[in-house]
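Residue-level structure breakdown
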Amino acid sequence: VRLGLVMAHSAKASAMAGIHRGFSNPKKKTKVEESPKREEGDLHVAQPPRRRPKDGWDGNEPGITGYEEECSALERDGACVIRGLLVKEAKIAAEEAEWARSTGKGVVVGDVEGNQGVDAGKGHGRFLQMAQLAATGQRRTLVEIVRGSRESCSQPHGIAGIAALALQTSKVAFSADDFFIKEPMAMERTPWHRDLTAPYVKPKQVVGRHVNIWMALDEIHHSCSLRTIMGSHKWAAGSLGNVDQELYISSILGNHWKRDYLTLATELGIQETAEAETFAVTFALEQVELAETDRARFERAMGVQSWDLQPGDCVILHRQCIHGSRGNESQTFRRAYATRWSTERQAPRRPRYEGRSI
């Protein structure tokens with residue numbers, strides 16, 4: 001017993017002496033307290049953690065700065081374009097898109113008669129969607145260009161850097177990604193819609209500020225590019241932007257179009273009031289454009305904007321900005337890679353559209 005007590009006392013004394021030496025000796029290496037563990041999906045951009053070679057961040061590289069004019073357009077119009085920053089990322093994403101298309105990973109959107117696809121050598125091309133290849137970690141190269149990798153990216157922070165610039169924050173959360181591929185002569189339209197609730201997020205738990213980044217993977221003419229309605233992110237629920245737009249829609253659909261389309265939303269099983277009102281407005285826009293013989297008149301009346309894009313150009317969208325696109329009437333592919341970002345981490349859920357097209 002005495003021997004045990006002596007040994008315990010000796011060990012305690014040695015430990016105390018070691019601690020004392022650790023504080024008194026400036027050359028002694030002390031243990032550095034670990035930084036708090038980051039949650040999955042949280043990306044620090046402006047002040048990234050040090051020694052992260054796999055993400056291409058060394059802690060000294062600043063986030064993307066400038067682009068005040070583009071950020072002002074995003075706030076004013078609900079959409080803007082940042083050009084030429086992600087050329088290398090677009091090349092890698094295009095290779096991934098072709099892999100997904102050729103291996104049958106995509107879901108065919110719509111039901112255009114005769115859309116056998118360009119590989120079949122007949123009929124129209126297909127409109128394909130491939131979802132969540134990066135968000136679920138299936139394709140590591142996509143994860144690298146989303147989060148940022150020195151080997152894979154033009155910018156040290158990849159697409160996350162563009163999201164941080166758009167959201168004016170040093171921390172962004174990545175929630176979802178999609179490829180949208182319109183093969184040559186794919187006549188299927190992307191109807192006017194709002195990304196009011198993300199398909200991979202619980203509907204009543206959408207928090208923070210959100211943007212979508214739509215990156216062009218090919219040279220895209222404005223006729224089949226992404227189109228947005230300027231200022232629609234500020235429209236009140238269930239209404240258009242101004243009286244002139246209301247009168248224009250009513251002149252084609254009649255004065256009771258809103259009541260009729262809200263009834264249709266109920267019949268289709270849309271229960272949420274916000275979703276039903278959004279459906280009524282966007283469905284009305286779709287019907288008016290299809291009925292309008294003068295395409296330019298519709299675009300002037302509703303404030304439609306679209307862009308000619310090069311690979312690596314990014315259209316940034318406010319979450320509630322109404323957008324869509326026409327069919328691809330060209331003989332070339334129209335491919336885009338879309339990612340969703342927010343300032344707060346979202347509560348995940350089972351995809352609403354799993355097994356079905358948008």
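For the structure, see preceding data.
Remember, it's a predicted structure, so these values are computed and weren't measured experimentally. (Residues numbered from 1 in each chain as written. Predicted model: local features only at pLDDT ≥ 70, side-chain atom pairs only at ≥ 80, totals over all residues. Heavy atoms only, no water.)

Quick look at the packing of aromatic side chains now. Evaluation of the coordinates by the stated rule reveals seven aromatic pairs. With 6.5 Å between their ring centres and 50 degrees between their planes, Phe 127 and Phe 180 make a pair best called tilted. With a gap of 53 residues between them, Phe 127 in strand β4 (residues 127-131) and Phe 180 in strand β5 (residues 171-182) connect regions that are remote in the sequence. Summarising the burial analysis for this pair, Phe 127 and Phe 180 share the class buried. Ring geometry for Tyr 261 and Phe 283: centres 5.0 Å apart, planes at 90 degrees, overall edge-to-face. Here Tyr 261, found in helix α7 (residues 257-267), pairs with Phe 283, found in helix α8 (residues 273-291); they are 22 residues apart in sequence, far enough to count as distant. (Phe/Tyr/Trp six-rings, centres within 6.5 Å; stacked < 30°, edge-to-face > 60°. Helix = DSSP H or I, 4+ residues; strand = E, 2+ residues; numbered from the N terminus. Buried < 20%, exposed > 50% of the residue type's maximum accessible area, 1.4 Å probe, protein only.)

Attention now goes to α7. Taken residue by residue, α7 has Trp 257, Tyr 261 and Ala 265 as its buried positions. Down the axis of α7, the buried set is contained in an arc of 75 degrees. They therefore lie on one face. Turned more than 90 degrees from where α7 packs its buried face, Arg 259, Thr 266 and Glu 267 sit exposed. Of the residues trailing α7, Gly 269 is marked for its positive phi of about 90 degrees. (Arc of directions from axis to C-beta.)

When you tally the buried positions in β4, you get four out of five residues, the bulk of the element. Where strand β3 (residues 107-108) and β4 come together, two bridges link them in antiparallel fashion. Among the inter-strand pairings, Val 108 is bridged to a residue of β4, identified as Leu 128. Where β4 and β5 come together, five bridges link them in antiparallel fashion. From the neighbouring strand, Gln 129 faces β5, where its bridge partner is Phe 180. (Pairing = 2+ DSSP bridges.)

This brings us to the nonpolar core. Soluble globular proteins: nonpolar side chains tend toward being buried together. If you look at the biggest cluster of nonpolar residues, it comprises 42 residues, and the most contacted ones within it are Phe 179, Met 215, Leu 217, Ile 316, Tyr 337 and Trp 341. Looking at this core, the element that brings in the most residues is helix α5 (residues 158-167), giving eight residues. If we ignore the near neighbours within four places in the chain, the residues touching Tyr 337 are Ala 134, Leu 142, Ile 145, Val 146, Ile 159, Asp 177, Asp 178, Phe 179, Ile 213, Trp 214, Met 215 and Leu 217. (Core = buried A, V, L, I, M, F, W, Y, C linked by side-chain atoms within 4.5 Å. Contact = heavy atoms within 4.5 Å.)

Attention now moves to the pattern of salt bridges. Applying the stated criterion across every chain yields a total of 16 salt bridges. As a salt-bridge pair, Glu 98 and Arg 101 come within 3.0 Å of each other at their nearest N and O atoms. Taken together, the positions of Glu 98 and Arg 101, both in helix α3 (residues 87-102) and three residues apart, correspond to about one turn of that helix. Across the pair Arg 335 and Asp 218 runs a salt bridge, and its minimum N-O distance is 2.7 Å. With a gap of 117 residues between them, Arg 335 in strand β12 (residues 334-342) and Asp 218 in the loop between β7 (210-216) and β8 (227-229) connect regions that are remote in the sequence. We note that Arg 335, like Asp 218, is buried. Connected through salt bridges with shared partners, the residues Arg 189, Arg 227, Glu 286, Glu 289, Glu 299 and Arg 326 form a single ionic network. (Salt bridge = Lys/Arg side-chain N within 4 Å of Asp/Glu carboxyl O.)

A few words now on the packing of helix α6 (residues 243-253) against helix α9 (residues 295-302). The contact between α6 and α9 brings their axes to 9 Å, and the two run at 145 degrees. Taken together, the residues of α9 that come into contact with α6 (itself represented by Gln 245, Tyr 248 and Ile 249) are Arg 297, Phe 298, Ala 301 and Met 302. Residue classes in the contact of α6 with α9 are distributed as five nonpolar, one polar and one charged. (Axes fitted to C-alpha atoms, helices over the stretch in contact; angles between N-to-C directions. Nonpolar A, V, L, I, M, F, W, Y, C, P; charged D, E, K, R; others polar.)

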